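Secondary and tertiary structure notes
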Amino acid sequence: MAADALPPFPPGFLWGASTSAHQIEGAVDARGPSVWDVFEARPGVIRDGSTAAVACDSFHRHREDVALLAGLGMNAYRFSVSWPRADSPGGLDHYERLVDDLLAAGVRPVPTLFHWDLPASLDWLDRDTAARFAEYVERVAARLGDRVHTWITLNEPAEHTVLGHALGVHAPGRTLLYDALPVAHHQLLAHGLAVRALRAAGATDVGIAASHSPTWPLTGDEADLAAADHYDVLMNRAFSDPLLLGRYPEGLEQLMPGDVAADLEVVSERLDWYGVNYYAPSLVGAPTGEKSAYGTFDVPAGLPFALHEIEDRPRTAFGWPVVPEGLTQTLTGLRDRYGDRLPPVMITENGCSYPGLDDQERIAYLDSHLRALHRAIEEGVDVRGYFVWSLLDNYEWNEGYRQRFGLVHVDFDSPERTRTPKASYAWLRDALRAQR
Ligand code: BGC
């Protein structure tokens, strides 16, 4: 148990937890299918053979979730709106109820408009999906915009491109490798169009949740440095450069579809803040001729880089290394690269998978990462909020229910999906109390 109080964070700091619709809602019959429903039905793709048909049943039990947030003393909740639900009759009623209950509990609603659950009839390889996204965003904003002020357009377009379309381990399960790049461009375009739609609806606090993993070269050798740079471009700068600078890193623009120069004007619409999801750094070297691993996923041989284990660090149950200073590095690195083009930052996800209710490892993880975040603030990065991934144990994509990221345990065998706060819940509640 971490003993010392955390250093004080700036006044007005947002303290929240994050979830996403597909991972917690269930109630699959009350909406149209998403690419994830289709993917989960394929034999063998989800490690424990499960589906998200019920998940945490938050569609029916959202009041319990709101009470848990209030009990933590959090002032914000990042959840996502399911696009297929919003397209289904009465689907937006659910989010209206959730928003009203959050506001009544003094918790700021922070909806993400796309967290990977694309309607099954759509495809990010089609440019038109970006325009369809903007129409859907317009509808959500028309319904909730009088009560919701803080919006997130997309969650991790990089992971959705790479895991879903390049490596095929997430929905929709494509293995296009570099031919997946149009998926990145169309999501970025969708983001820019959504920012415009939100602004037209009067929104004044708009951001995105982008994953960032500081890339560490395996050695100082030229081949390793070049491979690490290439990886950093693909996973980080291919997204943050167009968003914040209005251009792709060298060599990428030619690989993107459509009138890229005109699209970049849209992609780089001004943001009120920039959301960072941080889990761990990546250690990257020159290709070895063998397959390597990205987390628990295989990265095929034949790519111009190979991933390596970061040794001598504690590991989460997912096998991810625990590297708090990577968070400081990510934030100071963004500030150094983008200067005054970087708006204020929020940590929109950070957390870890561990089993059990007495989750001392999660307490140590959160404590060390909050201290690392505070260091970035001391070094001059303007950070406005921090959201833990996740409020609840939930459906961890192709891992099914095997990885538990929650501050709150969920019993997936009980019909009530019984929620039990873990030791980390009490620790965070007390840490937040000490901040007031
Ligand atoms: C995603 C979450 C996911 C978490 C842990 C992030 O990449 O946004 O949906 O559950 O990481 O894997």
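For the structure itself, consult the block above.
Conventions and cut-offs
Residues numbered from 1 in each chain as written. Predicted model: local features only at pLDDT ≥ 70, side-chain atom pairs only at ≥ 80, totals over all residues. Heavy atoms only, no water. Helix = DSSP H or I, 4+ residues; strand = E, 2+ residues; numbered from the N terminus. Rg over C-alpha atoms; globule rule 2.2 N^0.38 Å. Buried < 20%, exposed > 50% of the residue type's maximum accessible area, 1.4 Å probe, protein only. Areas by Shrake-Rupley, 256 points an atom, 1.4 Å probe, with all protein chains shown as cover. Pairing = 2+ DSSP bridges. Axes fitted to C-alpha atoms, helices over the stretch in contact; angles between N-to-C directions. Patch = residues over 30% accessible without salt bridge, like charges linked within 9 Å, V, L, I, M, F, W, Y side chains within 5 Å. Salt bridge = Lys/Arg side-chain N within 4 Å of Asp/Glu carboxyl O. Lys, Arg positive; Asp, Glu negative; His and termini not counted. Charge placed at Lys NZ, Arg CZ, Asp CG, Glu CD. Core = buried A, V, L, I, M, F, W, Y, C linked by side-chain atoms within 4.5 Å. Contact = heavy atoms within 4.5 Å. Near = heavy atom within 4 Å. Polar contact = N/O pair within 3.5 Å; in protein donor to acceptor, adjacent residues only side chain to side chain. 1 Å grid on protein atoms, 1.4 Å probe; cavity = no way out; pocket = protein on both sides within 12 Å on 5 of 7 lines; lining within 4 Å. Sits in = over half its atoms within 2 Å of the grid points. Nonpolar A, V, L, I, M, F, W, Y, C, P; charged D, E, K, R; others polar.

Moving on, we get to the overall build of the protein chain. Within the protein chain, the secondary structure is distributed over 13 helices and 15 strands. Relative to the 2.2 N^0.38 estimate, which gives 22 Å for 436 residues, the radius of gyration of the protein chain is 20 Å and therefore close to what a compact globule would have. Once the C-alpha set of the protein chain is aligned to its principal axes, its extents read approximately 55 × 50 × 45 Å. Taking all 436 residues of the protein chain together, the buried fraction comes to 61%. Of the roughly 16,100 Å² that the protein chain leaves accessible, carbon and sulfur atoms contribute 51%.

So, about the sheet that holds strand E4 (residues 150–155). If you trace the 8 strands once around the closed barrel, you get E1-E2-E3-E4-E5-E7-E12-E13, paired in parallel fashion. When the angles between neighbouring strand axes are averaged without regard to direction, this sheet yields 25°. In the sheet, strand E1 (residues 14–18) pairs with strand E13 (residues 383–389) via 5 bridges, with the strands oriented parallel. From the neighbouring strand, glycine 16 faces E13, where its bridge partner is phenylalanine 387.

With that settled, the discussion passes to the pairing of E1. Along E1, 5 of the 5 residues are buried, which leaves the element largely enclosed by surrounding structure. Where burial is concerned, the two faces of E1 agree: the one with Leu14, Gly16 and Ser18 and the one with Trp15 and Ala17 are both buried. Pairing of E1 with strand E2 (residues 76–80) involves 3 bridges; the strand directions are parallel. Residue pairing across strands places glycine 16 opposite alanine 76, the latter belonging to E2.

Here we come to a negative patch on the surface. Taken together, the side chains of Asp126, Asp128, Glu135 and Glu138 make up a negatively charged region of the molecular surface. Considering the arrangement of structural elements, one finds aspartate 126 in the loop between strand E3 (108–114) and helix H6 (128–144).

Generally speaking, soluble globular proteins have nonpolar side chains that are buried together. The biggest cluster of nonpolar side chains holds 116 residues, and the ones touching the most others in it are Phe133, Tyr274, Leu331 and Leu373. Counting residues per element, this core draws most heavily on helix H8 (residues 181–200), at 10 residues. The residues touching leucine 373, leaving out its near neighbours within four places in the chain, are Phe9, Phe13, Leu327, Leu331, Ile347, Val383 and Tyr386. Formed by 15 residues, the second largest nonpolar core is a distinct cluster that contains Leu167, Tyr294, Phe297 and Phe305.

We now examine the site of the ligand. Neighbouring the ligand are Gln23, His115, Trp116, Asn155, Glu156, Tyr279, Trp320, Glu349, Trp389, Glu396, Trp397 and Phe405. The separation between an oxygen atom of the ligand and a polar side-chain atom of asparagine 155 is 2.9 Å. Tryptophan 389 has a polar side-chain atom sitting 3.2 Å from an oxygen atom of the ligand. Contact with the protein chains hides 94% of the accessible area of the ligand, taken as 310 Å² for the molecule alone. Most atoms of the ligand, that is more than half of them, are within 2 Å of grid points of the largest pocket. Taken together, the residues of the shell around the ligand break down into 6 nonpolar, 3 polar and 3 charged.

Scanning the entire structure with this criterion turns up 36 salt bridges. One salt bridge connects arginine 419 with aspartate 65, and the closest N-O pair in it is separated by 2.9 Å. Residue arginine 419 is found in strand E15 (residues 419–421), and its partner aspartate 65 is found in helix H3 (residues 58–72); the two are separated by 354 residues along the sequence. On the basis of relative accessibility, which here comes to 11%, the residue arginine 419 falls in the buried class. The closest approach of N and O atoms between arginine 139 and aspartate 87, which form a salt bridge, is 2.4 Å. Taken together, the positions of arginine 139 in helix H6 and aspartate 87 in the loop between helix H4 (83–86) and helix H5 (91–104) put the pair 52 residues apart, joining distant regions of the chain. Its relative accessible area of 41% is what places aspartate 87 among the partly exposed residues. When salt bridges that share partners are traced, they join Asp93, Glu96, Asp100, Arg143, Asp146 and Arg147 into one network.

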